[in-house]
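# Observations on the three-dimensional arrangement
Letter by letter, the chains look like this.
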Amino acid sequence: MTIRVVVAEDQAAVRAALVMILRAEPDVEVVGQAADGEEAVRLALELRPDVVLMDVQMPRLDGVSATRQVVAAGAAQVLVLTTFDLDEYVYGALRAGAAGFLLKDLEADTLVEGIRTVARGDGMLAPSVTRRLIGTFARPDRPVGPDTREAVAALTAREREVLACVGAGLSNGEIAQRLEMAEATTKTHVSRILAKLRLRSRVQAAILAQDLGLTI
């Protein structure tokens, strides 16, 4: 399956380099390029790509706001790629529903793998932000609202198992192997969990699972 990607980056030279890297992959097609956040949203809504590779600092509309609009419309998965390893960008992007967050100092192979991972419906985080993210958000003593607890209680037993696996950081393939079901079935369960719990991304589901202390 070909992964359709929109690249949103305001610096022309960086955007060209990203496009060159992605176009060298036989399973990736760059279907659009945006120089600002508003154009990124427009292209996502028009082209419905699998992934939007989104810079944070862009003119007209920043990458976090653009991510929020793209995810809210269900137009694509968003992988944020930025130079800046700042808490406000990491947390802002994940709250907006980004499926992943990577830094621009990564190797080309890691970027491509990030695109593939997010396109599969899995989450992708730069190693440098993972520990900070867990320390800030994923605490078993963090209060969870009663409405959210009711929604989780209303999940099927299998969906709660899948949610616990997501909280443990397992990919769809790993969940499928652990729970002995098809990977496509796992992906369907994850999609239903996000819809039932009104979550924007797999990362948000993982944080909630850890807040609830769900274990596998």
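Refer to the structure presented above.
### Considering helix α3 (residues 63-72)
Burial of α3 is extensive: seven of the 10 residues sit out of reach of the surface. Buried residues of α3: Gly63, Val64, Ser65, Ala66, Thr67, Val70 and Val71, and no others. A distance of 3.0 Å separates the backbone nitrogen of Val64 from a side-chain oxygen at the start of α3, and that oxygen is part of Asp62. Gly74 sits one or two residues past α3 and shows a positive phi near 65°.

### Some thoughts on the sheet that holds strand β2 (residues 28-34)
Two orientations exist for strands paired in a sheet by backbone hydrogen bonds: parallel and antiparallel. Read across the open sheet, the six strands follow the order β2-β1-β3-β4-β5-β6; overall the sheet is parallel. Each edge of the sheet is formed by a strand with only one pairing partner; in this case those strands are β2 and β6 (124-125). Judged from the two bridges that link them, strand β5 (residues 100-103) and β6 form a sheet pairing that is parallel. Residue Phe101 lies in a different strand from β6, and its bridge partner there is Leu125. Sitting on the sheet, helix α2 (residues 37-47) touches β1 (3-8), β2 and β3 (51-54), and the angle it makes with β2 is about 135°.

### Remarks on the pattern of salt bridges
Counting across every chain of the model gives 13 salt bridges. Lys104 is the partner of Glu9 in a salt bridge, and the nearest nitrogen-oxygen pair spans 2.6 Å. A residue pair is termed long-range when its members are at least 10 positions apart, and Glu9 in the loop between β1 and α1 (12-23) and Lys104 in the loop between β5 and α5 (108-119) qualify at 95 residues. Since its relative accessible area comes to 23%, Lys104 is described here as partly exposed. One salt bridge connects Asp27 with Arg116, and the closest N-O pair in it is separated by 2.8 Å. You can see Asp27 sitting in the loop between α1 and β2 and its partner Arg116 sitting in helix α5, a full 89 residues away along the chain. Connected via shared salt-bridge partners are Glu113, Arg120, Asp122 and Arg202.

### Considerations on the pairing of β2
Inspection of the sheet shows β1 paired to β2 by six bridges, in the parallel sense. Bridge pairing in β2 links Val7 to Gln33.

### Quick word on the packing of helix α8 (residues 157-167) against helix α9 (residues 172-179)
Relative orientation of the contacting elements α8 and α9 amounts to 130°, with a least axis distance of 10 Å. Taken together, the axis directions place α8 and α9 in an arrangement best described as oblique. When you trace α8 past α9, the crossing you get is right-handed. Packed against α8, whose contacting residues are Arg158, Glu161, Val162, Cys165 and Val166, the element α9 presents Ile175, Arg178 and Leu179 at the interface. Residue composition of the contact of α8 with α9, grouped by class: five nonpolar, no polar and three charged.

### Digging into the nonpolar core
The biggest cluster of nonpolar side chains holds 52 residues, and the ones touching the most others in it are Val5, Leu22, Leu53, Met54 and Val70. Apart from the residues lying within four places of it in its own chain, the contact partners of Met54 are Ala8, Ala40, Gly63, Ala66, Thr67, Val70, Val78, Leu79, Val80 and Leu81. Of all hydrophobic cores here, the second largest spans 19 residues; its members include Ile175, Val190, Leu208 and Ala209.

### A word on the environment of Val6
Within the secondary structure layout, Val6 lies in strand β1. We classify Val6 as buried; its relative accessible area is 0%. Sequence spacing of Val6 and Leu43 is 37 residues, and the spatial spacing of their C-alpha atoms is 7.4 Å. Each residue touching Val6, except ones within four places of it in the same chain, is listed here: Val31, Gly32, Leu43, Leu47, Pro49, Val51, Val52 and Leu53.

### Concerning unusual backbone geometry
One non-glycine residue with positive phi stands out, namely Arg48, at about 50°. Tracing the sequence through the fold places Arg48 in the loop between α2 and β3. Arg48 gets classed as partly exposed once you look at its relative accessible area, which sits at 43%. Phi at Arg198 takes a positive value of approximately 55°, unusual for a residue other than glycine. Here Arg198 is to be found in the loop between α10 (183-197) and α11 (202-211).

What counts, and where the lines are drawn
Chains are numbered independently. Their residues run from 1 in the order of the written sequence. Reporting of local features is limited, given that this is a predicted model, to residues whose pLDDT is at least 70; pairs of side-chain atoms are given and counted only at 80 or more, and all residues count toward the totals for whole chains, interfaces and linings. Excluding hydrogens and water, the side-chain values take into account all heavy atoms of the structure. A 1.4 Å probe rolled over the protein chains alone gives each residue an accessible area, and that area as a share of the maximum for its type sets the label: buried under 20%, exposed over 50%, partly exposed in between. What counts as a helix is a DSSP run of H or I of at least four residues, what counts as a strand is a run of E of at least two, and both are numbered from the N terminus. Each polar contact in these results corresponds to two N or O atoms within 3.5 Å; when the atoms are within protein, one needs to be able to donate a hydrogen and the other to accept it, and residues that are neighboring in sequence are counted only if both atoms are side-chain atoms. For two strands to be treated as a pair, DSSP must find no fewer than two bridges joining them. Any two residues whose heavy atoms approach within 4.5 Å at even a single point are treated as in contact. Helix axes use the C-alpha atoms of the stretch in contact, all axes being lines fitted to C-alpha atoms, and the angles between their N-to-C directions lie in the range 0 to 180 degrees. A side-chain nitrogen of Lys or Arg and a carboxyl oxygen of Asp or Glu constitute a salt bridge if their distance falls within 4 Å. Note that the term roughly parallel is reserved for angles under 35 degrees, roughly antiparallel for angles over 145, roughly perpendicular for angles of 65 to 115, and oblique for everything else. Left-handed is the label given to a crossing in which the near helix is rotated counterclockwise from the far helix by less than a right angle, and right-handed is the label when the rotation is clockwise. Think of it as three bins: nonpolar holds Ala, Val, Leu, Ile, Met, Phe, Trp, Tyr, Cys and Pro, charged holds Asp, Glu, Lys and Arg, and polar takes everything else, Gly as well. Side-chain atoms within 4.5 Å are what join buried Ala, Val, Leu, Ile, Met, Phe, Trp, Tyr and Cys residues into a set we call a nonpolar core.

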